[in-house]
Amino acid sequence: MTQHGAETVDEAVPIGEAARRSGVKVPTIRYYEQIGLLAAPARTEGNRRLYTGAELHRLAFVRHARELGFDVEAIRTLLTLQDRPEQPCGEADAIAKARLAEVRARIAKLKALEEELTRMIDECACGRVADCRVIEILAEPHRHGALA
């Protein structure tokens, strides 16, 4: 059913449809159940999994958190916090700040890598391999700890 362009879930759906609606692959859904990020869903008499709208919402939450690079334990904590909305959000903020620090550290390493590659290319005379600065620089001992 469609309501103002967005899909709504009126009834539980099988795992293939849950995967399509949530953007999470079937094996990943099973894995999330196995590690406890998603509770085992109700099953039909034929033992097929059925996912409710709340479970689809939880899957989408986990998918988005994974896209942002949160690890499984951070997601587990965030889900626990989501399940208790009356609590203060300080712990969620701390988790997000830690992830931001990781991203900034990675950006710094990538910028150092970019500078090193730019220097190698800029110093290349595009002559013979024997005179190639790219090969020569790569053969030098590592000088930049930020690239480790």
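You'll find the structure just up there.
Predicted, not measured: the structure shown is a model, and the values here were computed from it.

**Quick look at the sheet that holds strand 5 (residues 49-51)**
Point 1. With antiparallel pairing, 3 strands are arranged side by side in an open sheet as 3-5-4. Where the open sheet ends on each side, the last strands, each with one partner, are strand 3 (13-14) and strand 4 (42-43).
Point 2. Sheet topology note: the strand 3/strand 5 ladder contains 2 bridges and is antiparallel. Across the sheet, residue Val13 finds its bridge partner in strand 5, namely Tyr51.

**Observations concerning the pattern of salt bridges**
Point 1. Applying the stated criterion to the full structure yields 8 salt bridges.
Point 2. The partner of Arg20 in a salt bridge is Glu17, and the shortest N-O contact between them spans 2.7 Å. On the criterion of helical spacing, the pair formed by Arg20 and Glu17 is a turn pair, its members being 3 residues apart in helix 1 (residues 15-22).
Point 3. The class of Glu17 is partly exposed, set by a relative accessible area of 22%.
Point 4. Where Arg119 meets Glu116, a salt bridge forms, and the shortest distance between an N and an O atom there is 3.1 Å. A residue pair is termed a helical-turn pair when its members lie 3 or 4 positions apart in one helix, as Arg119 and Glu116 do in helix 5 (residues 90-122) at 3 residues.
Point 5. Classification of Arg119 by relative accessible area gives partly exposed; the value is 22%.
Point 6. Connected via shared salt-bridge partners are Glu17, Arg20 and Arg21.

**Looking at helix 4 (residues 72-82)**
The α-helix advances 3.6 residues per turn, and as a result positions three or four apart in sequence lie on the same side.
Point 1. Taken residue by residue, helix 4 has Ala74, Ile75, Leu78, Leu79 and Leu81 as its buried positions. The buried residues of helix 4 occupy one face: seen down the axis, they fall within an arc of 160 degrees.
Point 2. Those residues of helix 4 that are buried are in contact with helix 3 (53-67) and helix 5.
Point 3. You can read the cap of helix 4 off the contacts: a side-chain oxygen lies 3.2 Å from the backbone nitrogen of Glu73, and it is on Asp71.

**Some words on helix 1**
Point 1. Of the positions making up helix 1, those classed as buried are Ile15, Ala18, Ala19 and Ser22. Across the axial projection of helix 1, the buried residues extend over an arc of 100 degrees, all falling on one side.
Point 2. Each element contacted by the buried residues of helix 1 is listed here: strand 3, helix 2 (26-34), strand 5 and helix 3.
Point 3. Gly23 occupies a position one or two residues after helix 1 and carries a positive phi of about 80 degrees.

What counts and what doesn't
- Residues numbered from 1 in each chain as written.
- Predicted model: local features only at pLDDT ≥ 70, side-chain atom pairs only at ≥ 80, totals over all residues.
- Heavy atoms only, no water.
- Pairing = 2+ DSSP bridges.
- Helix = DSSP H or I, 4+ residues; strand = E, 2+ residues; numbered from the N terminus.
- Salt bridge = Lys/Arg side-chain N within 4 Å of Asp/Glu carboxyl O.
- Buried < 20%, exposed > 50% of the residue type's maximum accessible area, 1.4 Å probe, protein only.
- Arc of directions from axis to C-beta.
- Contact = heavy atoms within 4.5 Å.
- Polar contact = N/O pair within 3.5 Å; in protein donor to acceptor, adjacent residues only side chain to side chain.

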